[in-house]
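Given next are the chains, with one letter for each unit.
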Amino acid sequence: MTRFDPSGPLRGELRPPPDKSISHRAALIAAMSEGTVEISGYLNAADTQSTRQAVQQLGAGAESSASDRSGAIDLRVEGIGLRGPGLHQDQGTQVIDAGNAGTLMRLLPGWLAGQERGEWVLDGDRPVDRVSEPLREMGAAVKCREGRLPPLDVRGAALRGIAYRMPVASAQVKSCVLLAGLLAEGETKITEPAPTRDHTERLLSAWGANVQTEQLRTLPTLGGGPARRITVQPAERLTGSPLDVPGDFSSAAFMAVAATIVEGSRVRITGVGLNPTRVGLLGILNRMGAALEVDEDPERFEPTGTIGALHGPLEATRVHGEEVPLAIDELPLAALLGCFANGTTIVSGAEELRRKESDRIATVVEGLRGLGAEIEATEDGFAVTGRGGLRGGRLDAHGDHRLAMLGAIVGLASREGVEVEGMHAAAVSYPGFEADLRALAQGK
Ligand code: S3P
């Protein structure tokens, strides 16, 4: 049990750990490339260690050295090429453990599915049904337990390009199909019902793949959102280049929200990724009246910048539709902000939350209610009425890193403090979280 007491103002500056989504993709796509790729600031956390180990198991080199950034290592990846895993497989079926890493569990099968001579078993604890369906359609033999659970058996095949309309907006599913599309015969088209994070498209394009994105006119059959179509052409090879991973917006978001709800706070967060497909929370905070300043750095392959966050009064808001995928991992924070806002904050259209590291509708509602919130679960989100803050108490993280961090910041902003059961889960994405938060509380 880890205790977080009510705090005085949070003050200071910090640089969040490297982006988890980009780190996974960088290691995986570097392994798919030819030659050596230097990744500066690879997230050194449990999830991304699983990806590093997976690519090593497949035959790629992934040597690390110390980084001057906190929560980071520098990684030098020796790629094995797009068709490398099939060629390197000489001793029967290999078992690869994805652990808790959803991104690895969903993206890796896309690469493996196109290896005509390969057979793998992917183990882990995240459902895999969403990627099995399009991969089968492309011609791969994939099998999972009870139609949705790992282990996932992947027998590679000569793939064919497909036109795939994703039933839900998921960057992981999109990315899986994009990777498989590189190895398929003919082009592959993916339609997403609403824009999702586009790190895979950016990285593939930068490293030589032909990936095009079109904005579609609203499609009533897809819920009327601004759907996008992404087309990938088969590739002979990818050529990686040095990459500097930006800070993780999803990690920075905890500190920005903490500053917003702890009285008197003023915090600066530097080197944060500001990819427009990730920063939906900034729009939500803006509508709620939060005092934020965002400065963009000159653009590299991913936009980055500085976020200044100040404590201030908040108004309730509604979050729904196309905003959901842009803030999917930050919706627990939207619920917390709602506890400090004037009025009722409603999040809807977010049934995806039930499929995250925990059922985040259930765990957020149960967790915040236990700390004094007036919050109700709905089928596809939650409704929370602000009552001037939270009392505090005990919160069980249910093994979910984002829930553990949520509990910690509530502790600082609450009247009586919070004891978090399972704080260690934070190491999945932000190993230095507790130290960084306590440093801000001490005004360092
Ligand atoms: C991720 C995409 C999101 C997100 C997850 C990371 C990614 O999942 O919730 O934490 O790296 O692509 P979905 O794509 O399934 O919504």
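Up top is the structure.
This one's a predicted model, so the numbers in the text were calculated from it and none came from an experiment.

### Re the overall build of the chain
Looking only at helices and strands, the chain has 14 helices and 25 strands in total. Put simply, the chain has 444 residues, and 60% of those count as buried. Of the roughly 16,300 Å² that the chain leaves accessible, carbon and sulfur atoms contribute 45%.

### Observations concerning the site of the ligand
Near the ligand the following residues occur: Ser21, Arg25, Thr103, Ser170, Ala171, Gln172, Arg197, Ile328, Asp329 and Lys356. With respect to the ligand, the side chain of Ser21 contributes an N or O atom lying 2.7 Å from an oxygen atom. Burial of the ligand by the protein chains amounts to 93% of its free accessible area of 390 Å². In this structure, the ligand is accommodated by the largest pocket. Those elements giving two or more residues to the shell around the ligand turn out to be helix H1 (20-31) and helix H6 (171-182). A class-by-class count of the residues in the shell around the ligand yields two nonpolar, four polar and four charged.

### As for the pairing of strand S7 (residues 119-123)
Consecutive residues of a regular strand have side chains that alternate between opposite faces of the sheet. With four bridges connecting them, strand S6 (residues 94-97) and S7 associate as parallel partners. What sits directly across from Ile96, in S7, is Leu122. Of the crossover connections in this fold, the one passing from S6 over helix H4 (residues 102-112) to the parallel S7 is right-handed.

### A look at H6
Compared with the 16 Å implied by 1.5 Å per residue over twelve residues, the 17 Å span of H6 between its first and last C-alpha is a close match. Among the twelve residues in H6, twelve count as buried, and that is most of the element. All of the buried residues along H6 are Ala171, Gln172, Val173, Lys174, Ser175, Cys176, Val177, Leu178, Leu179, Ala180, Gly181 and Leu182. The backbone nitrogen of Gln172 lies 3.3 Å from a side-chain oxygen of the residue at the head of H6, namely Ser170.

### What about the packing of helix H13 (residues 401-413) against helix H14 (residues 433-441)?
In contact at an axis separation of 11 Å, H13 and H14 are set at 15 degrees when each is read in the N-to-C sense. One way to sum up the angle between H13 and H14 is to call them roughly parallel. Note on packing geometry: the crossing formed by H13 with H14 is right-handed. The segment H13 lies against H14, with Met405, Ala408, Ile409 and Leu412 engaging Phe433, Leu437 and Ala441. Here the residues of the contact of H13 with H14 sort into seven nonpolar, no polar and no charged.

### Looking at empty space enclosed by the protein
Tallied over the full model, the rule gives one cavity of 30 Å³ or more. In this structure, the largest cavity spans a volume of roughly 40 Å³. Along its surface, the largest cavity is lined by Asp19, Ile22, His199, Pro246, Gly247, Phe249, Gly273, Asn275, Arg278 and Glu302. Each residue belonging to the lining of the largest cavity can be placed in one class, and the counts come to three nonpolar, four polar and three charged.

Rules used throughout
Residues numbered from 1 in each chain as written. Predicted model: local features only at pLDDT ≥ 70, side-chain atom pairs only at ≥ 80, totals over all residues. Heavy atoms only, no water. Helix = DSSP H or I, 4+ residues; strand = E, 2+ residues; numbered from the N terminus. Buried < 20%, exposed > 50% of the residue type's maximum accessible area, 1.4 Å probe, protein only. Areas by Shrake-Rupley, 256 points an atom, 1.4 Å probe, with all protein chains shown as cover. Near = heavy atom within 4 Å. Polar contact = N/O pair within 3.5 Å; in protein donor to acceptor, adjacent residues only side chain to side chain. 1 Å grid on protein atoms, 1.4 Å probe; cavity = no way out; pocket = protein on both sides within 12 Å on 5 of 7 lines; lining within 4 Å. Sits in = over half its atoms within 2 Å of the grid points. Nonpolar A, V, L, I, M, F, W, Y, C, P; charged D, E, K, R; others polar. Pairing = 2+ DSSP bridges. Right-handed = clockwise from strand over helix to strand, strands pointing away. Expected span 1.5 Å × (residues − 1). Axes fitted to C-alpha atoms, helices over the stretch in contact; angles between N-to-C directions. Parallel < 35°, antiparallel > 145°, perpendicular 65-115°, else oblique. Left-handed = near helix turned anticlockwise from the far one by under 90°. Contact = heavy atoms within 4.5 Å. Points joined across faces, edges and corners; volume = space filled by probe spheres on them.

So, to be careful, I would describe these as geometric facts and stop short of saying anything about function.
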